[in-house]
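Each chain, written out:
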Amino acid sequence: MIPLTLTPGQVNLTQLEEIYRTEAAICLDDSCRPAIEAAADRIAAAAAGEAPVYGVNTGFGKLASMKIAPEDTATLQRNLILSHCCGVGEAMPRRMVRLMMSLKLLSFGRGASGVRWALIELMQDMLAKGVTPVVPAKGSVGASGDLAPLSNMTAVVIGEGEAEYQGEVLPGAEALARAGLQPIELGPKEGLAFINGTQFSTAYGLAGLFEIWRAARNALVVSSLSTDAIMGSTAPLQPEIHSLRGHRGQIEAAEAMRAILDGSEIRESHRDDDTRVQDPYCIRCQPQVTGAALDVLRQAAQTLLIEANAATDNPLVLTDAGLIVSGGNFHAEPVGFAADMIALATSEIGAISQRRIALMVDPTLSFDLPPFLTPDPGLNSGLMIAEVTTAALMSENKHLANPCVTDSTPTSANQEDHVSMAAHGARRLMQMAENLNYILGVELLCAARGVEFRAPLQTSPVLQLVLTRLRQDVTRLEEDRYMAPDLEAAKALVADGALLDGLTAELPEMG
């Protein structure tokens, strides 16, 4: 695979999603090399001087007042990495580590970190040859950098730690050797440059964003099918309603649903003489809820895009000003806020989906659909417990959506006395995305069964394609059977984006 050539400071969401989904390797555009080397030269000069410069010739954190002799700077940086390899728990998924490594390269590429070009070349080669550090996922509080996970990543660069290579977990030095690579001894500040930064939190935030944006687009398709299943009205999708309010997401959600439902025989069959005046909110207010979630996701996306292009270690080398300045760009507060916003949107998309499921299985509300969407209720339970499962997942996501960024606690002998908790705030998004995809998968099963009960009337041409695609993987539920595989298959169709094939022209884009 040819690596993606990226220009630091100018990377877009499409490129970042490609790295995440395809495990693409990257290389930095050569235009950034002069600035990187100039910053490295300035660090080397500072290390040879007498003036104390944090992280170059001093200790770290609460030990910053301790001066380090020039001959000990390499040991200082090595000790920093090894002592900070304190991550615990399950290892990060491979593609997440690769995204984190790519983000670290992009941060170095801004020319403010003071690392040598040789380190950038090694990281690029690790990505290209598939040497992936084993990184425990727990241990960062999202300030002073994602210290523990980034240390586990960096350990492999110096020939320590563990890495996965060609499907085998090996000691870091052996993994590098098998790929034809050599570890590098860190110079002044280079260890600190690697582990100060928000790349762990940002990688998880971006991954959650990409998964949940796909889920939100799926929600527009699946909820349109649900609207036809209960013979809901499309009057609330009238464009003037949404333009009068003015929110972009709401306008686009309504527009997408109008296009998806266009040509439905089911809809045309009850335009006149329908005794119902209004549908429940889970049908009538879909653009207002899902559209608002789209707006929140877009706002979070812009924050994460800025962060992905940022220099976030400490101290930073301000070459033009001739300064090496200690600051706080490693504090992941923006990422923490973005993660909380994404979590809220995820919870709400799932909450309204679950209410549509409850609507469809309830014969008192579903406009003549059979109880629990089975043709022989009583003898069969149909989709009764599938709905209960979605209630459990909805409740779990509500709990997970509680804010993380407000839960600061002091660390490191009160030197780091306010932290963002962005790391687990972003990491939870993957579990929430999986829960949401299960909820939408069950809604898909219910909506498809409901539409089939409306035969001989047919849904719209677009939704008929969705129904056909579902039936390739999940056969029609005529009588009770072992249900778990059906739920897994429906969830996979949502998570993999298979339902969206050929429908992209009708759905909102993130940009």
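Predicted model only: the values in this text are computed from it and were never measured. (Residues numbered from 1 in each chain as written. Predicted model: local features only at pLDDT ≥ 70, side-chain atom pairs only at ≥ 80, totals over all residues. Heavy atoms only, no water.)

Draft legend 1. View of the overall build of the protein. Each helix and strand in the protein was counted, giving 19 helices and nine strands. The globule rule puts the C-alpha radius of gyration for 511 residues at 24 Å, and the 26 Å found for the protein is close to it. Overall, the protein is about 90 × 50 × 45 Å in size when its C-alpha atoms are taken along their principal axes. Sequence-distant contacts, at least 24 apart, represent 79% of the contacts inside the protein between residues at least 6 apart. Within the protein, one finds 38 positive and 61 negative side-chain charges whose respective centroids are separated by 1 Å. (Helix = DSSP H or I, 4+ residues; strand = E, 2+ residues; numbered from the N terminus. Rg over C-alpha atoms; globule rule 2.2 N^0.38 Å. Contact = heavy atoms within 4.5 Å. Lys, Arg positive; Asp, Glu negative; His and termini not counted. Charge placed at Lys NZ, Arg CZ, Asp CG, Glu CD.)

Draft legend 2. Here's a closer look at the sheet that holds strand 6 (residues 162–165). Across the sheet, three strands lie side by side as 4-6-7; this open sheet has antiparallel pairing. The sheet is open, and its two edges are formed by strand 4 (132–133) and strand 7 (168–171), each paired on a single side. Pairing of strand 4 with strand 6 involves two bridges; the strand directions are antiparallel. Bridge pairing in strand 6 places Thr 132 opposite Glu 164. (Pairing = 2+ DSSP bridges.)

Draft legend 3. Molecular detail of helix 2 (residues 33–48). Spanning 16 residues, helix 2 covers 23 Å between terminal C-alpha atoms, matching the ideal 22 Å at 1.5 Å per step. All of the buried residues along helix 2 are Ile 36, Ala 39, Ala 40, Ile 43, Ala 46 and Ala 47. Down the axis of helix 2, the buried side of the element spans an arc of 120°, and every buried residue falls inside it. The exposed residues of helix 2 that point more than 90 degrees off its buried face are Pro 34, Asp 41, Ala 45 and Ala 48. On its buried face, helix 2 is in contact with strand 2 (26–28), helix 4 (94–108), helix 5 (117–129), strand 8 (316–318) and strand 9 (323–325). (Expected span 1.5 Å × (residues − 1). Buried < 20%, exposed > 50% of the residue type's maximum accessible area, 1.4 Å probe, protein only. Arc of directions from axis to C-beta.)

Draft legend 4. Local environment of the environment of Ala 173. Residue position: Ala 173 is located in helix 7 (residues 172–178). Of the residues examined, Ala 173 reaches a relative accessible area of 35% and is grouped as partly exposed. A sequence separation of 58 residues divides Ala 173 from Val 115, and the C-alpha atoms of the two residues are 21 Å apart.

Draft legend 5. Highlighting the packing of aromatic side chains. In total, this model carries three aromatic pairs according to the counting rule given. Summarising the aromatic geometry, the rings of Tyr 20 and Phe 210 are spaced 6.0 Å apart at their centres and angled 40° between planes, so their arrangement reads as tilted. In this pair, Tyr 20 is assigned in helix 1 (residues 13–22) and Phe 210 in helix 9 (residues 199–229), connecting sequence segments 190 residues apart. Across the ring face of Phe 453, the terminal group of Arg 449 is positioned such that the distance to the ring centre comes to 4.3 Å. Between the NZ or CZ atom of Lys 491 and the centre of the ring of Tyr 438, over which it lies, the distance is 5.0 Å. (Phe/Tyr/Trp six-rings, centres within 6.5 Å; stacked < 30°, edge-to-face > 60°. Lys NZ or Arg CZ within 6 Å of the ring centre and 35° of its normal.)

Draft legend 6. Highlighting the packing of helix 4 against helix 5. It is the contact of helix 4 with helix 5, at a shortest axis distance of 10 Å, that shows an interaxial angle of 155°. Judged by the inter-axis angle, helix 4 sits roughly antiparallel to helix 5. Crossing hand, helix 4 versus helix 5: left-handed. Contacts between helix 4 and helix 5 involve Arg 98, Met 101, Ser 102, Lys 104, Leu 105 and Phe 108 from the former and Ile 120, Met 123, Gln 124, Met 126 and Leu 127 from the latter. Classifying every residue of the contact of helix 4 with helix 5 by side-chain character gives seven nonpolar, two polar and two charged. (Axes fitted to C-alpha atoms, helices over the stretch in contact; angles between N-to-C directions. Parallel < 35°, antiparallel > 145°, perpendicular 65-115°, else oblique. Left-handed = near helix turned anticlockwise from the far one by under 90°. Nonpolar A, V, L, I, M, F, W, Y, C, P; charged D, E, K, R; others polar.)

Draft legend 7. Seen up close, the nonpolar core. Counting residues in each nonpolar core, the largest one holds 151 residues, and the members touching the most others are Leu 16, Val 131, Leu 206 and Leu 209. When neighbours within four sequence positions are excluded, Leu 206 is seen to be in contact with Leu 13, Leu 16, Leu 99, Leu 103, Leu 304 and Ala 308. Counting seven residues, the second-largest nonpolar core is a separate cluster that includes Ile 43, Ala 47, Val 53 and Val 317. (Core = buried A, V, L, I, M, F, W, Y, C linked by side-chain atoms within 4.5 Å.)

Draft legend 8. Structural detail: the pattern of salt bridges. Counted according to the given criterion, the structure contains 26 salt bridges. In this structure, the salt-bridge partner of Glu 168 is Arg 178, at a minimum N-O distance of 3.0 Å. Within this pair, whereas Glu 168 is found in strand 7, its partner Arg 178 is found in helix 7, the two being separated by 10 residues in sequence. Among the residues examined, Glu 168 registers a relative accessible area of 37% and is labelled partly exposed. The exposure class assigned to Arg 178 is partly exposed, which follows from its relative accessible area of 44%. Across the pair Arg 271 and Glu 268 runs a salt bridge, and its minimum N-O distance is 3.0 Å. (Salt bridge = Lys/Arg side-chain N within 4 Å of Asp/Glu carboxyl O.)

Draft legend 9. Up close: helix 3 (residues 73–83). For helix 3, every residue scored as buried is listed here: Thr 73, Leu 76, Gln 77, Leu 80 and Ile 81. Projected down its long axis, helix 3 shows its buried positions confined to an angular sector of 130°, all on one face. On its buried side, helix 3 packs onto helix 6 (147–157) and helix 8 (190–195).

Draft legend 10. Focus on unusual backbone geometry. Pro 315 follows Asn 314 through a cis peptide bond whose omega is -5°. As for its placement among the helices and strands, Pro 315 is situated in the loop between helix 14 (286–308) and strand 8. Pro 456 follows Ala 455 through a cis peptide bond whose omega is 10°. Note on placement: Pro 456 falls in the loop between helix 17 (422–452) and helix 18 (461–473). Located in the positive-phi region is Lys 189, a residue other than glycine, with phi close to 70°. Positive phi values are uncommon outside glycine, yet Asp 368 reaches one of about 80°.

The analysis is restricted to geometry; functional conclusions fall outside its scope.
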